[in-house]
Amino acid sequence: MGTRTLVIVPCGQKKIWDKSPKTRSSAAKVAYVGSPFVVNKAYAKHFSDSWIILSAKYGFIEPEFKIPKPYNVTFKRPSTNPVSTDVLRRQVAKLKLNRFKNVIGLGGKDYRAAISQAFSGTPVKLHFPFAGLSIGRMLQATKRAITGNHPFNSKKRTLQCESVVERNFGTGKVCEELHKWLSCLQSLTFPFDMTRIPRNGIYVLLEDGEIGHGGNRIVRVGTHTGENQLRSRLVQHFVHENKDRSIFRKNIGRCLLNKNNDPFVSSWELDLTTKAAKAKYKDQIDFEKQKQIEVQVTAYLRKRLRVVVLEIPTKADRLRMESRIISTVSLCPSCGPSTKWLGNHSTKAKIRESGLWQVNELNKTPFCIRDVAVLVKQSRLA
């Protein structure tokens, strides 16, 4: 990587107190004992001029930083009060982390998002060499990098790994351009003027309070398979209060209930689409409570979400564009959910990890810059 390289190692859930409960304060470099931390620490010591730990509780800390006692704080659960972006940015300045030419961030999407936000506006070049990989494959790639003496993979697979890294960095830039282009289009808020919505196309939802590349972040992309059904698809989400006709509504309801540890979530999971199902569960479900949750879901949708609609006449093009936008956002190393995002309370790991209100078409084939140009040409704001 060259000189002046900083490697940021994420903290770990497993700590020394899990093995030795009587241990008092411990230096951070030995306090975390899980396999991911051990492997990432080895990588950092092998390739960096300096390395530092990102703790969800304490922020950026030196390896010798004394951790007084066990804790359980994670970026995945806002209720645990993880360190804020403002604190991380102040730490970057105080510790002069922006003096490094290259900063390599390790760990999952939550940590990559925190690092990207913390270093936003600084001149450093961020690298996330193992972005988009599962935890298991990430650890394997990290070990290969060490044994192969190459920061992005072993010598045997250098070219392959570098192409993946290039793809992920390219995805981040493409995601930025995609957000910028969408921000130039007129977004719609409820109530919609249906005459301004094309009959065939895709919809992109931007959420207020969620930041992506300087504007509202993309949180869902959807389309339809049948002809002339785009308007009715939006009606199913924003108008009809029926979670069994909209998985989007169902996912939001799950989060609202899960956030409050509401046992009604088990009833919410039941699919009452058919008459047989309604008859079967009619004595088990508090339908008044279900109606209340539906109203809360509707309020969330209408208050927080903006819609950009793109007219795309053919089914094949719609499905392809939908998939590629979803993959672009889910693979972006710097476009992630805030700690206050409702989706962090989802029972679906894919929603929590991707920052998107969906579980399909994640981490597949992303856009390239040319694809954005094609999308602009193929679509238009209705």
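As the structure is a prediction and not an experimental result, all values here were calculated from the model.

Novice: Outline the sheet that holds strand 8 (residues 201-212), listing residues and values.
Specialist: Across the sheet, three strands lie side by side as 9-8-10; this open sheet has antiparallel pairing. Strands at the two margins of the open sheet, each flanked by one partner only, are strand 9 (215-222) and strand 10 (305-311). Across the sheet, the mean angle from the axis of one strand to that of its neighbour is 35 degrees, orientation sign disregarded. Summarising the sheet, strand 8 and strand 10 pair through seven bridges and their orientation is antiparallel. Note that in strand 10 the partner of V204 across the bridge is V308. Helix-sheet contacts for helix 8 (residues 230-238) involve strand 8, strand 9 and strand 10, and the interaxial angle to strand 8 is about 35 degrees.

Novice: Can you lay out the nonpolar core for me, pointing to particular residues and giving the numbers?
Specialist: I8, Y32, L54, F60 and F119 are the most contacted members of the largest nonpolar core, which has 45 residues in total. Setting aside anything within four residues of it in sequence, one finds I8 in contact with I52, L54, F60, V103, I104, G105, L106, I115 and F119. If you look at the next biggest cluster of nonpolar residues, it comprises 31 residues, including L230, L234, Y281 and L305.

Novice: I'd love a proper account of the pattern of salt bridges, names of residues and values included.
Specialist: Oppositely charged side chains can pair when the atoms bearing their charge come close. According to the stated counting rule, one finds 16 salt bridges in the structure shown. For R249, the salt bridge is made with E294, and the minimal N-O distance between the two is 2.9 Å. Of this pair, R249 sits in helix 9 (residues 247-259) while E294 sits in helix 12 (residues 287-304), placing them 45 residues apart in sequence. Side by side, R249 and E294 carry an identical accessibility label, which is buried. Taking the shortest distance from any N to any O, the salt bridge between D317 and R320 comes out at 3.4 Å. Of this pair, D317 and R320 both sit in helix 13 (residues 315-331), separated by three residues, roughly a single helical turn. Residue class for R320 comes out partly exposed when judged on its relative accessible area of 31%. It is possible to trace a salt-bridge network through shared partners that takes in K173, E176, E177 and K180.

Novice: Let's hear about the packing of aromatic side chains: which residues, and what values?
Specialist: In total, this model carries twelve aromatic pairs according to the counting rule given. Seen in terms of ring centroids, F192 and F238 are 5.0 Å apart; in terms of plane orientation they differ by 80 degrees. Their pairing is edge-to-face. Taken together, the residues span a long stretch of sequence, with F192 in the loop between helix 7 (158-184) and strand 8 and F238 in helix 8 at a distance of 46 residues. Each of the two residues, F192 as well as F238, counts as buried.

Novice: Provide a residue-level description of the sheet that holds strand 4 (residues 59-61), including the pertinent values.
Specialist: Ordered in space as 4-3-1-6-7, the five strands form an open sheet in which the pairing is mixed. The sheet terminates laterally at strand 4 and strand 7 (125-127), the two strands that pair on one side only. Put simply, the sheet's adjacent strands are angled 25 degrees from each other on average, direction ignored. Note that strand 3 (residues 50-55) and strand 4 share three bridges and pair antiparallel. When the sheet's bridge partners are listed, L54 is paired in strand 4 with F60. Sheet strands touched by helix 3 (residues 35-47): strand 1 (5-10), strand 3 and strand 6 (102-105). Its angle to strand 1, the strand with the most contacts, is close to 175 degrees.

Novice: Describe the packing of helix 4 (residues 85-94) against helix 5 (residues 109-118), with residues and values.
Specialist: Relative to each other, helix 4 and helix 5 sit at 60 degrees, their axes nearing to 8 Å. It follows from the interaxial angle that helix 4 and helix 5 lie oblique. As for the relative orientation of helix 4 and helix 5, their crossing is right-handed in sense. Here helix 4 contributes T85, L88, R89 and V92 to the contact with helix 5, which in turn contributes A114, Q117 and A118. Residue composition of the contact of helix 4 with helix 5, grouped by class: four nonpolar, two polar and one charged.

The rules behind each value
Residues numbered from 1 in each chain as written. Predicted model: local features only at pLDDT ≥ 70, side-chain atom pairs only at ≥ 80, totals over all residues. Heavy atoms only, no water. Pairing = 2+ DSSP bridges. Helix = DSSP H or I, 4+ residues; strand = E, 2+ residues; numbered from the N terminus. Axes fitted to C-alpha atoms, helices over the stretch in contact; angles between N-to-C directions. Contact = heavy atoms within 4.5 Å. Core = buried A, V, L, I, M, F, W, Y, C linked by side-chain atoms within 4.5 Å. Buried < 20%, exposed > 50% of the residue type's maximum accessible area, 1.4 Å probe, protein only. Salt bridge = Lys/Arg side-chain N within 4 Å of Asp/Glu carboxyl O. Phe/Tyr/Trp six-rings, centres within 6.5 Å; stacked < 30°, edge-to-face > 60°. Parallel < 35°, antiparallel > 145°, perpendicular 65-115°, else oblique. Left-handed = near helix turned anticlockwise from the far one by under 90°. Nonpolar A, V, L, I, M, F, W, Y, C, P; charged D, E, K, R; others polar.

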